[in-house]
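Summary of the model geometry
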Amino acid sequence: MAVDPRYHDRAWFLIEGRWELRKGFDVSLQGRIRDVLRLPAAPPPIPRPRVGVDLHVVLFN
C-alpha cells in the first residue's frame, strides 16, 4: 500500500504487479489512512507511482 501524505481519502494498492489508485474513502477509512502514515515506511517491491511527491509505502502480510 502506498499513501500520498497530502490526501487521506485515497491510497495506491499493489495488485498483480501494478499500482492502482483507489479514491473516495469515507471518514472512518480516512482515519485508518492517517494511522498508516504513522507506520514505518518500507521499500516498495516495485517502483512507486510518480505523482510529484514521495508516497509512504507500507507492506502488509
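A brief report on the enclosed structure follows. (Residues numbered from 1 in each chain as written. Predicted model: local features only at pLDDT ≥ 70, side-chain atom pairs only at ≥ 80, totals over all residues. Heavy atoms only, no water.)

Attention shifts here to the overall build of the protein. For the protein, the count of helices and strands is 1 helix and 4 strands. The helix and strand sequence of the protein, counted from the amino end, reads β-β-β-α-β. In terms of overall dimensions, the protein is globule-like: its C-alpha atoms have a radius of gyration of 11 Å, near the 10 Å expected for 61 residues. Evaluated residue by residue, the protein yields a buried proportion of 26% over its 61 residues. Considering only residue pairs separated by 6 or more positions, the protein has 41% of its internal contacts joining residues 24 or more positions apart. For the protein, the exposed area adds up to about 4400 Å²; of that, 51% sits on carbon and sulfur atoms. Of note, the protein has its 10 positive side-chain charges centred 3 Å away from the centre of its 7 negative side-chain charges. (Helix = DSSP H or I, 4+ residues; strand = E, 2+ residues; numbered from the N terminus. Rg over C-alpha atoms; globule rule 2.2 N^0.38 Å. Buried < 20%, exposed > 50% of the residue type's maximum accessible area, 1.4 Å probe, protein only. Contact = heavy atoms within 4.5 Å. Areas by Shrake-Rupley, 256 points an atom, 1.4 Å probe, with all protein chains shown as cover. Lys, Arg positive; Asp, Glu negative; His and termini not counted. Charge placed at Lys NZ, Arg CZ, Asp CG, Glu CD.)

Here the focus is the pattern of salt bridges. Applying the stated criterion to the full structure yields 4 salt bridges. The closest approach of N and O atoms between Asp9 and Arg10, which form a salt bridge, is 2.9 Å. Among the salt bridges present, the one from Glu20 reaches Arg22, with a minimum N-O distance of 2.8 Å. For Glu20, a relative accessible area of 22% puts it in the partly exposed group. For Arg22, a relative accessible area of 38% gives the class partly exposed. (Salt bridge = Lys/Arg side-chain N within 4 Å of Asp/Glu carboxyl O.)

This model, assessed by the stated rule, comprises 0 aromatic pairs. The cationic tip of Arg10 hangs over the ring face of Tyr7; the distance from NZ or CZ to the ring centre is 4.1 Å. (Phe/Tyr/Trp six-rings, centres within 6.5 Å; stacked < 30°, edge-to-face > 60°. Lys NZ or Arg CZ within 6 Å of the ring centre and 35° of its normal.)

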